[in-house]
Protein chains: 2
Amino acid sequence: MSSHAPIGRKVTLNDIAAGCDVSRATVSLVLRGSPLVNKRTRARVEDELRRQGYVYNRAAANLRRRSSSSIALILNDLANPFFAEFAAGVDEALGAAGFVTLLGCTGESASREQAVLGSLLEHGPGGIILSPAEHSNAHDVLAVVGRRAPLLLFNRELGGTLPEFAHWDQLMLDNQHGARLATEHLIARGHRRIAFFGGHHDSSSCRQRHAGYVEAMHTARLRTEPDWRIECAPTRLDAAHRTSALFDATYVPTAAVCYNDAVALGLMLGLRQRGLRPGQDFALTGFDDIAEAALGMPSLTTLSTAPHERGRQAAQLVMQRLQQPQAASHQTIAPVQLVVRESSCPPPTA
Amino acid sequence: MSSHAPIGRKVTLNDIAAGCDVSRATVSLVLRGSPLVNKRTRARVEDELRRQGYVYNRAAANLRRRSSSSIALILNDLANPFFAEFAAGVDEALGAAGFVTLLGCTGESASREQAVLGSLLEHGPGGIILSPAEHSNAHDVLAVVGRRAPLLLFNRELGGTLPEFAHWDQLMLDNQHGARLATEHLIARGHRRIAFFGGHHDSSSCRQRHAGYVEAMHTARLRTEPDWRIECAPTRLDAAHRTSALFDATYVPTAAVCYNDAVALGLMLGLRQRGLRPGQDFALTGFDDIAEAALGMPSLTTLSTAPHERGRQAAQLVMQRLQQPQAASHQTIAPVQLVVRESSCPPPTA
DNA sequence: AGTTACATTTGGATCGTTCTAATCGGGCAA
DNA sequence: TTGCCCGATTAGAACGATCCAAATGTAACT
């Protein structure tokens with residue numbers, strides 16, 4: 001337990017009460033806009049509040065009322081624009097409802113996630129929005145969170161099985177359907193040999209997107225070769241490095257469904273380094289629709305996930321849960337939308 | 001004052017005390033690792049804490065101790081990767097020191113900034129890190145913050161004069177020097193007609209960068225034409241649109257110092273749309289060194305500001321201030337570093 | 001006048017912690 | 001036996017708000 005900052009003398013309800021000769025209770029009623037209090041006293045009290053520069057002490061109020069006015073937002077990677085926009089959306093909706101956002105970043109480390117969860121819980125958040133770190137698992141999260149605050153899982157599922165009584169809400173993207181849309185789009189453009197590029201095997205979103213890709217291929221009666229699935233870290237840099245793996249395949253693909261936009265942009269770079277023009281000699285799609293997707297050369301066909309809107313939605317879901325703590329847990333799957341741009345050209349031979 | 005979420009029954013010090021037959025005070029001492037308490041009782045208490053799944057109530061402790069364990073972080077634009085990385089850095093350093101980050105986004109609106117400041121202050125943060133919205137001014141900020149928490153200004157100065165007694169700390173980037181370095185670099189490459197592209201006149205960082213540019217030009221005895229300064233919003237899109245203004249100038253420039261990376265990337269796009277190859281037919285530099293700068297086509301010569309590191313630094317500065325509330329206010333100017341990449345080619349005729 | 005009704009105000013307990021000063025038991029010197 | 005010190009423990013009052021039941025004042029009605 002670390003030492004913390006002392007605070008200067010603050011103006012309290014007692015000061016106000018003394019200052020305009022009413023009781024502490026009356027001032028409290030004024031603050032909360034109670035209809036019980038007389039017009040004239042209300043005006044007097046409000047003047048005094050202004051005069052002394054009073055600021056409400058929410059911590060004290062929450063203690064007495066056994067309520068909370070904050071929500072914890074725990075993210076695996078704030079530096080990723082997708083999560084940054086998500087966070088902005090969360091904060092916007094929470095702020096509008098009078099809640100404050102307690103931020104915590106885990107940097108994809110499950111152990112930091114434990115620490116951050118523990119630390120934020122001490123501040124008594126009313127709820128938690130958690131985008132889990134990569135190897136986080138249900139058991140550990142449950143151990144620290146318990147029943148102390150309702151939890152909304154965002155974006156990723158947790159490893160391990162979660163016990164019966166832990167009914168956590170979920171907000172996920174429709175990864176499978178999105179990847180299916182992208183794949184079907186490439187097929188419609190005439191591609192037959194399509195790879196699935198990037199992402200890690202053990203990430204739930206990657207598995208789902210891959211499943212959507214497989215689904216589309218099989219529905220179209222197209223084969224999927226094992227060496228058409230190329231793993232790499234979901235970063236531009238690693239994607240660029242792994243580009244060559246595409247062309248080492250027995251049957252060289254003419255297009256790739258990429259795990260996300262970062263990977264797709266990295267792949268574009270890798271293609272150029274091999275003298276290929278993405279969007280002309282090779283087709284590809286992304287996932288996320290980050291800002292750069294629209295402005296690239298070529299612009300990137302991708303799936304729009306509207307992270308800001310997802311953030312607002314996540315905030316709504318937790319706040320809804322707060323009002324109905326006993327309602328059955330809810331799984332929301334947010335739709336994604338295919339945005340067709342230049343990168344998904346027809347195959348060169350067609 | 002809005003209604004907030006009720007909280008389930010919590011385990012308190014009293015529960016623990018009753019559970020292992022000691023007083024509340026003793027349990028409190030155990031929690032804070034006091035040497036006063038006997039080994040055997042400490043062990044007993046610690047067992048009981050675990051058994052009942054106790055979590056510390058920091059709000060109650062802070063109330064009694066009149067201390068704070070949180071810092072407010074108020075940002076004008078979290079969706080901007082520069083600020084997102086900054087926020088991650090702040091949270092990392094704060095978390096390591098046992099503080100929690102109260103997040104607030106203003107979306108470049110001065111009135112929302114007022115509201116957010118007011119709301120966060122009610123939670124009694126120990127300090128505030130503020131990256132002001134564009135038209136925010138010292139008077140309004142002072143009115144709501146007052147002496148209630150020490151403030152660290154980041155990245156932008158506030159409009160208006162700030163009164164004598166409000167001694168706020170500052171952490172700024174060395175904008176002027178950075179722009180000067182970029183301009184000198186272009187001059188050394190042989191450019192003579194260099195424009196300053198992007199940003200808004202009334203932003204302090206833009207003024208400073210422009211001043212650095214002018215300084216370098218004058219030191220090299222080069223002229224600066226009025227129509228070599230082109231204003232636009234600091235976004236890719238607007239920068240792309242304003243590209244033509246460069247070529248409407250009486251003396252068409254061969255290079256441009258851009259307000260930031262976003263603008264530079266937008267300008268690249270605009271150049272390509274005119275059939276010019278950035279980094280070959282026209283040279284340009286950015287500012288910020290965002291992730292995409294290194295991976296662009298061509299890669300972008302720019303000024304590295306290390307936003308993550310700046311975030312950690314900002315956190316350190318506030319925490320330092322908390323320990324010495326009376327020390328004189330401090331202005332820190334963080335160095336920036338020129339990163340030379342492909343976009344700053346020599347002029348085509350040279 | 002006595003009673004009731006209503007609008008307004010208030011004292012005191014309370015939330016979960018920390019702090020201060022007091023208490024306790026026991027060993028040891030006088 | 002008394003007195004004193006010492007380590008270990010604790011009762012009770014804070015912190016700044018809310019809540020509840022009770023008190024106050026005024027007007028209206030019988």
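Since the model is a prediction, treat every value here as computed from it, not as a measurement. (Residues numbered from 1 in each chain as written. Chains lettered and ligands numbered in written order. Predicted model: local features only at pLDDT ≥ 70, side-chain atom pairs only at ≥ 80, totals over all residues. Heavy atoms only, no water.)

A. Examining the packing of aromatic side chains more closely. Residues and elements named next belong to chain A. According to the stated counting rule, one finds 10 aromatic pairs over all chains in the structure shown. Among the aromatic residues, those joined into a cluster by ring pairs are Phe82, Phe83, Phe86 and Phe154. Above the face of the Phe287 ring, Arg209 is positioned so that its terminal group lies 3.7 Å from the ring centre. Across from the ring centre of Tyr251, 5.6 Å away, lies the NZ or CZ of Arg223, which sits over that ring. (Phe/Tyr/Trp six-rings, centres within 6.5 Å; stacked < 30°, edge-to-face > 60°. Lys NZ or Arg CZ within 6 Å of the ring centre and 35° of its normal.)

B. Geometry of the sheet that holds strand β9 (residues 229-230) of chain B. Residues and elements named next belong to chain B. Spatial strand order, β9-β8-β10-β11: four strands in an open sheet with parallel pairing. Edge positions in the sheet fall to β9 and β11 (283-285), since each has one partner strand and no second. Pairing of strand β10 (residues 255-258) with β11, which is carried by three bridges, proceeds in the parallel orientation. If you follow Ala256 over to β11, its bridge partner there is Leu284. Across the face of the sheet, helix α8 (residues 175-188) comes into contact with β8 (194-197), β10 and β11 while running at roughly 165° to β10. Across the sheet, helix α9 (residues 204-219) lies against β8, β9 and β10, angled at about 175° from β8, the strand it touches most. (Pairing = 2+ DSSP bridges. Helix = DSSP H or I, 4+ residues; strand = E, 2+ residues; numbered from the N terminus. Contact = heavy atoms within 4.5 Å. Axes fitted to C-alpha atoms, helices over the stretch in contact; angles between N-to-C directions.)

C. Region of interest: the domain arrangement of chain A. When cut into domains, chain A gives domain 1 (13-56), domain 2 (70-173 + 307-334) and domain 3 (175-305). Relative placement of domain 1 of chain A and domain 2 of chain A: their C-alpha centres are 38 Å apart. (Domains from an automatic or database assignment.)

D. Inspection of the relation of the copies chain B and chain A at higher detail. Taken as rigid bodies, chain B and chain A are interconverted by a rotation of 180° and an axial shift of 0.0 Å, the fit giving an RMSD of 0.1 Å. In symmetry terms, the pair is related by a two-fold rotation axis. The C-alpha atom lying nearest the rotation axis in chain B is that of Leu102 of chain B; the distance is 2.5 Å. Residue by residue, 100% of the interface of chain B is reproduced at the interface of chain A, so both copies engage with the same surface. (Least-squares fit on C-alpha atoms with pLDDT ≥ 70 in both.)

E. Structural detail: the nonpolar core. Ranked by size, the top nonpolar core spans 64 residues in total, and within it Leu78 and Ile129 of chain A together with Ile129 of chain B carry the most contacts. Val116, Ala138 and Met172 of chain A together with Leu120 of chain B belong to the second-largest nonpolar core, a separate cluster that totals 42 residues. (Core = buried A, V, L, I, M, F, W, Y, C linked by side-chain atoms within 4.5 Å. Buried < 20%, exposed > 50% of the residue type's maximum accessible area, 1.4 Å probe, protein only.)

F. Summary view of the protein's contact with DNA strand C. In the region of DNA strand C, 26 residues are neighbours, and Leu13, Ser28, Arg32, Tyr54 and Arg64 of chain B sit closest. Of all DNA strand C atoms lying within 4 Å of any protein atom, the proportion belonging to sugar or phosphate reaches 69%. Contact distances for DNA strand C include 2.8 Å between a phosphate oxygen and a side-chain N or O atom of Thr26 of chain A. Between DNA strand C and Thr41 of chain A there is a distance of 3.0 Å, counted from a phosphate oxygen to a side-chain nitrogen or oxygen. (Near = heavy atom within 4 Å. Polar contact = N/O pair within 3.5 Å; in protein donor to acceptor, adjacent residues only side chain to side chain.)

G. Expanded view of the protein's contact with DNA strand D. Of all residues adjacent to DNA strand D, which total 27 residues, the nearest are Leu13, Ser28, Arg32, Tyr54 and Arg64 of chain A. Of what DNA strand D places within 4 Å of the protein, 72% of the atoms are sugar or phosphate. Take Tyr54 of chain A: an N or O atom from its side chain is 2.5 Å from a phosphate oxygen of DNA strand D. Elements represented by at least two residues in the surface near DNA strand D include exactly α2 (24-31) and α4 (58-65) of chain A together with α2 (24-31) and α4 (58-65) of chain B. Among the residues making up the surface near DNA strand D, the classes are represented as 13 nonpolar, seven polar and seven charged. (Nonpolar A, V, L, I, M, F, W, Y, C, P; charged D, E, K, R; others polar.)

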